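Structure assessment
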Amino acid sequence: MSVATSDLSDRTRTAENMLRIRVGILLLGLLVLPFVAPGYWIFFAGLLGINIIATQGLNIMMGYTGLLSLVHAAFVGVGAYTVAVMQARFDAPFWVTIPSAGILAAVIGLGFGLPSLRIRGLYLVIATLAAQFILHFVFVHWESVTKGDLGMTVAPASVFGFLLNTEVRVYYLILFFVIISTIFARNVINSRVGRAFIAIRERDLTAQVLGVEIVRYKFIAFALGSMYAGVAGGLLAYFNRYVNPEQFSLFLSVFFLAAVIVGGMGSILGAILGAAFMTILPEVLRGVALMIGGGFGFDLGTILTPLRETVFGILMVAFLVLEPRGLAELWNRFARRWAGKAKPSSH
Amino acid sequence: MLRVDNVQLSFGGVRALSGVSVYAAPAKITSVIGPNGAGKTSLFNVISGFYQPQAGKVVLDGEDISRLKPHARAYRGMSRTFQNIALFHGMTVLDNIKLGAHTNLKSGVLAATLRLPSTRREEAELDTVVRRDIVPVLDLAHVQDSRVEDLPYGLQKRVELARALVMRPKVLLLDEPVAGMNREEKREMARFVARVNREFGTTVLLIEHDMSMVMSISDHVYVISFGRPVAEGTPDEVRSNPKVIEAYLGGADDAPLSVA
Amino acid sequence: MSPFQLFIEYSVLGIAAGGVYALIALGIIVIFKASHMFNFAMGEMMMLSAYFFYAASVTFAFGPAIGLAIALAGSVAVALLIERVAIRPMLGRPFIAVVMVTFGVGSILRGVVGMIWGPNEMQIPAILARTPVFLGDIFVPGRTARAFAIATTIVVALIVYLRYSRAGVALRAAAADTVTAYSMGIDVRKVVAFSWVIAAITGCISGILMANVNTLTPHLGLVALNVLSVVILGGLASIGGVLVAGFIIGWLEAITVLFLPTEYREITPYILVLLVLLFRPNGLFGKPVVERI
């Protein structure tokens, strides 16, 4: 028995070291990316980073705890507006505005969550839908604070006077937050809190008899997910340098929903893959729309949005019905097969 | 250890339990049996705290817990399995078992997110305890890293049992632990329940409608039918009680499973 | 006009709208009763039906009567297709997954309609006469009044049908206890398909009615979100309560227009939903559901 145990821990240690090496290489690659890749890629990478953070948040809520939320875009908006307003009024630096963005989003999340997290899951969805519209309305009509449809411009973030006014510089800021948000997500998942989340998603009753106070942990999951959205929103403000209500519509909520589904619910890798897929998709669709539009003479502008909606819908339905574990599962399967081929059989 | 006093439970006009009392003595295996629909699961749900009885109380280790919510009862040392397998898909066997430690661990969200040293220590200790103390007793070493959904039924039931033990419960409630098993699997499960009781001294209260498994491992047996108590006593006393035989309509010809 | 008269007029308008809301809500509730599934694509199904009607009666110039028939047939076909391809494979899957599928379906419908017909408003042939109706001194726009009449009639007819017909009884049986229903010879799958057919019909008619009262755009489906509060207030699984709930919500919406600045009109339905969730999550007669464990 003792031989088997040490054998096992040896194997897990080597597996962990392999993982660490791979992650290290990835990190290195991400750090030098701006020096080797064309400018357009860096813009994408920045946007991708923001989407990853937001998707991680929704994944914690939805993928792990099973709370379906349609208000995610509005929380991103809350984060973005927090940054814009704090900067405009108090000239606050990013290391104040971004945490504030996260905290305010979490607080508002809790506010909506209070009535809705105690009742059945379906009602939570409906409540978040209502919340999304109401918050969007606030963005548009609370003009004294948000300047409504005009939008607000955002000055670049600055680090000790060093202005992050190029895509490359903002990229590093975003990269920093992507790294820590992923680490935090991983830490939560691998802890007692994360296990409680999964228990709630799977079987309410069993979770309770194991000591998990359902409502409390639902709150935690919801607040945590909203905080991630808020941080993503804050970064978006520094990225776009412009905030306006149109950016935070129901369409964006569905975007993140699709990202979680396509990537694979309940998987950190899934959140990353899903965000990546959904970020690249509009570009691919633009190319397709160009081809179709050119070929059939449709107006490109009018066909792009409905085309995107159709494709989002098809992706959601297809992945839910056919591969609910998402791209993460496909990735793992591929990696396992590849690993199986690379190593001689060790059985 | 666990006493249920004169519980009355009704749903609308339907009487589920009428004056049922049960006592699970410390470190002993107590069973509640009865035909289908007798009210056994309702009894367990009252003990767990999912149903509030119209009358009666539940006392655990001297403390009246009748007003406590289900999750709070876990913190008092009550553990339970369910009739249907309630394992968590997408997690390995080990992770499922670790979930049983929720009440033992202390890390909150902040500690967990930042992976503070206290959290790291807790997790490492838990890992050791589960691998060293729980997994061997239930013979799960060979599957501890598998996904639970890939395991056969009997093994899944054992994983559930393992999970219920991690908190070192004062009382372990087993809800029809051998439901859906064949004769061989039932013998095995009975063996494991007995082993758990022996090695950890856990007080066990189980409900079953399969007489044979119950008779072979129980120290004390209660029989209920249509929500009413019918008889109680040692397995031999109960087996030969005419009222019990009548309640089961001839179920007494189940030979007891022999457990070494 | 005195404030009182204004109040009455708005109340009437609200209740009239409520009749149509009840019809839309009925479609959602019937599916929920049959399969415990919330169809978030209801609005888009309505919208698609209205476009079918437009295509049949205007583009292909079949006229309103045949247009209606074609729209009904098309709606039922699409509903059955959705049920077969997207919903049935999800049997046994967790609730939120099934709900998300309906979101996906809704997205697809909206996108396809947008691609084919474009985003612009269109007029469908007036099947409702415009001549206003007068209740004493009170002016009710013709279309609204007729839409109300048609919608309420159909709702009542369906409530009666579902209560007394064999199909309706089967539906309620399957809703109450699937296993027992099976053992009594009820094919639950057929019941589920049947519920989608009913939803398709109510969706089609309410879609055409709404397109008549307003205009035809791909965003017509958004009105289904107004209906969420009606569904909840009516008590999710109660068919009888839906009409009263519809009237109440319609009335509340109309009245708040009087008291709040005009821009609040668009979010009144959502505030109402939150209020209903807060105060009456179990419906008007508020009996909390006791779950058997």
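Quick caveat, the model's predicted, so the values are computed rather than measured.

1. Overview of the overall build of chain A
When helices and strands are tallied, chain A shows 14 helices and 4 strands. Its C-alpha atoms give chain A a radius of gyration of 21 Å, near enough to 20 Å, the size a compact globule of 347 residues would have. Projected onto its principal axes, the C-alpha positions of chain A cover 70 × 50 × 50 Å. Across the 347 residues of chain A, 50% fall into the buried class. Residue pairs in contact within chain A that sit at least 24 positions apart in sequence constitute 76% of those at least 6 positions apart.

2. Observations concerning the overall build of chain B
Across its full length, chain B holds 10 helices and 10 strands. On C-alpha atoms alone, chain B measures out to a radius of gyration of 19 Å, which is about the 18 Å that the 2.2 N^0.38 rule sets for 260 residues. Seen through its principal axes, chain B has C-alpha atoms that stretch 60 × 40 × 30 Å. Counting all 260 residues of chain B, 46% fall into the buried class. Considering only contacts within chain B whose residues lie at least 6 apart along the sequence, 69% involve residues at least 24 apart.

3. Topic: the domain arrangement of chain B
All names here are of chain B. We note that the domain assignment places domain 1 (1–77 + 169–260) and domain 2 (89–167) within chain B. Listed per partner, the contact involves 15 residues of domain 1 and 11 residues of domain 2. Top element by residues in the side of domain 1 that touches domain 2 is helix α7 (residues 183–200). It accounts for 8 residues.

4. Quick look at the interface of chain A and chain C
With 36 residues of chain A at the contact, the number on the chain C side is 36 residues. At the level of elements, α4 (94–116), α5 (121–141), α11 (250–263) and α13 (300–322) of chain A are the ones that each hand at least two residues to the side of chain A that touches chain C. Here the side of chain A that touches chain C is composed, by residue class, of 27 nonpolar, 8 polar and 1 charged.

5. A short note on the sheet that holds strand β4 (residues 55–60) of chain B
All names here are of chain B. Strand order in this open sheet of 4 strands is β2-β1-β4-β5, and the pairing throughout is antiparallel. Each edge of the open sheet is held by one strand with a lone partner, namely β2 (14–24) and β5 (63–64). With 2 bridges connecting them, β4 and β5 associate as antiparallel partners. Looking at β5, one finds that leucine 60 is bridged to glutamate 63.

6. Quick look at helix α6 (residues 153–165) of chain B
Residues and elements named next belong to chain B. With 13 residues, α6 should cover 18 Å at 1.5 Å per step; its first-to-last C-alpha distance of 19 Å lies within 8% of that length. Burial of α6 is extensive: 10 of the 13 residues sit out of reach of the surface. Along α6, the residues that are buried comprise Leu155, Lys157, Arg158, Val159, Glu160, Leu161, Ala162, Arg163, Ala164 and Leu165. Looking at the packing, one finds that the buried side of α6 touches β6 (78–80), α3 (93–98), α5 (117–137), β7 (171–175) and α7.

7. Quick look at the pairing of strand β8 (residues 203–208) of chain B
Residues and elements named next belong to chain B. Taking burial as the measure, the 6 residues of β8 include 6 buried ones, the bulk of the element. In this sheet, β8 lies alongside strand β3 (residues 29–33) in parallel orientation, the contact comprising 5 bridges. Residue pairing for β8: threonine 30 is matched across the bridge by leucine 205. The β-α-β motif built from β7, the intervening α7 and the parallel element β8 has right-handed crossover chirality.

8. Quick look at the nonpolar core
The nonpolar side chains of a soluble globular protein tend to be buried with one another. Formed by 294 residues in total, the largest nonpolar core has its most connected members in Ala258 of chain A together with Ala25 and Ala50 of chain C. In terms of residues, this core owes the most to one element, helix α10 (residues 214–240) of chain A, which gives 17 residues. Summarising the domain contributions, this core has at least three residues from each of domain 1 (1–77 + 169–260) and domain 2 (89–167) of chain B.

9. Concerning the sheet that holds strand β10 (residues 228–233) of chain B
All names here are of chain B. Spatially, β6-β7-β8-β3-β9-β10 is the arrangement adopted by the 6 strands of the open sheet, whose pairing is mixed. Since the sheet does not close on itself, it has two edges, and those belong to β6 and β10, each with one partner. Ignoring which end each strand starts from, the neighbouring axes of this sheet average 20° apart. Bridge count between β6 and β7: 3 bridges; the pairing is parallel.

10. Quick notes on the environment of glycine 180 of chain B
Here glycine 180 of chain B shows up in the loop between β7 and α7. Take glycine 180 of chain B: there are 13 C-beta atoms within 10 Å of it, and that puts it in the partly exposed class.

11. Here we look at the confidence of the model for chain A
Summing up the model confidence of chain A, the mean pLDDT is 84 and the portion of residues at 70 or higher is 91%. Counting contacts from residues 1–8 of chain A, a segment whose pLDDT is below 50, to residues more than four positions away or on other chains yields 0 contacts.

12. Looking at the pairing of strand β9 (residues 220–225) of chain B
All names here are of chain B. Here β9 lies mainly inside the structure; 6 of its 6 residues are buried. The side-chain alternation of β9 yields two buried faces, one formed by His220, Tyr222 and Ile224 and the other by Val221, Val223 and Ser225. By the bridge criterion, 5 bridges tie β9 to β10 in an arrangement that is antiparallel. The residue bridging serine 225 from the neighbouring strand is arginine 228, located in β10.

13. Some details on the environment of proline 53 of chain B
Residue and element names in this part refer to chain B. Mapped onto the elements, proline 53 comes out in the loop between α1 (40–48) and β4. On the basis of neighbour counts, which here come to 23 C-beta atoms within 10 Å, the residue proline 53 falls in the buried class. Sequence separation between proline 53 and glycine 227 is 174 residues, and the spatial gap between their C-alpha atoms is 13 Å. What proline 53 contacts, discounting residues up to four positions off in sequence, is Val7, Gln8, Leu9 and Val46.

14. Some remarks on unusual backbone geometry
Among all residues save glycine, negative phi is the norm, and among peptide bonds the norm is trans. A positive phi angle, near 55°, is found at aspartate 91 of chain A, a position not held by glycine. Counting through the fold element by element, aspartate 91 of chain A comes out in the loop between α3 (72–90) and α4. For aspartate 91 of chain A, a count of 9 C-beta atoms within 10 Å translates into the label exposed. Backbone geometry at glutamate 176 of chain B places phi at a positive 45°, although glycine is not the residue there. When you line up the elements, glutamate 176 of chain B lands in the loop between β7 and α7.

15. As for the packing of helix α2 (residues 42–59) of chain C against helix α4 (residues 95–117) of chain C
Residues and elements named next belong to chain C. Following both chains from N to C, one finds α2 and α4 inclined at 25°, their axes separated by 8 Å at the closest point. By the angle between their directions, the pair α2 and α4 is classed as roughly parallel. Where α2 crosses over α4, the handedness of that crossing is left-handed. On α4, the residues that touch Gly43, Glu44, Met45, Met47, Leu48 and Tyr51 of α2 are Gly106, Leu109, Arg110, Val113 and Trp117. Taken together, the residues that form the contact of α2 with α4 break down as 7 nonpolar, 2 polar and 2 charged.

16. Considering helix α12 (residues 268–279) of chain C
Compared with the 16 Å implied by 1.5 Å per residue over 12 residues, the 16 Å span of α12 of chain C between its first and last C-alpha is a close match. Here α12 of chain C has its buried residues at Pro269, Tyr270, Leu272, Val273, Val276 and Leu277 of chain C. Along the long axis of α12 of chain C, the arc covered by the buried residues comes to 155°, so they all point the same way. Looking at the buried positions of α12 of chain C, the neighbouring elements they touch are α4 and α5 of chain A together with α9 (223–226), α10 (228–233) and α11 (241–259) of chain C.

Reading the values: rules and limits
Residues numbered from 1 in each chain as written. Chains lettered and ligands numbered in written order. Predicted model: local features only at pLDDT ≥ 70, side-chain atom pairs only at ≥ 80, totals over all residues. Helix = DSSP H or I, 4+ residues; strand = E, 2+ residues; numbered from the N terminus. Rg over C-alpha atoms; globule rule 2.2 N^0.38 Å. Buried ≥ 20, exposed ≤ 12 C-beta atoms within 10 Å, placed from the backbone. Contact = placed C-beta atoms within 7 Å. Domains from an automatic or database assignment. Nonpolar A, V, L, I, M, F, W, Y, C, P; charged D, E, K, R; others polar. Pairing = 2+ DSSP bridges. Expected span 1.5 Å × (residues − 1). Right-handed = clockwise from strand over helix to strand, strands pointing away. Core = buried A, V, L, I, M, F, W, Y, C linked by C-beta atoms within 7 Å. Axes fitted to C-alpha atoms, helices over the stretch in contact; angles between N-to-C directions. pLDDT = per-residue confidence, 0-100. Parallel < 35°, antiparallel > 145°, perpendicular 65-115°, else oblique. Left-handed = near helix turned anticlockwise from the far one by under 90°. Arc of directions from axis to C-beta.

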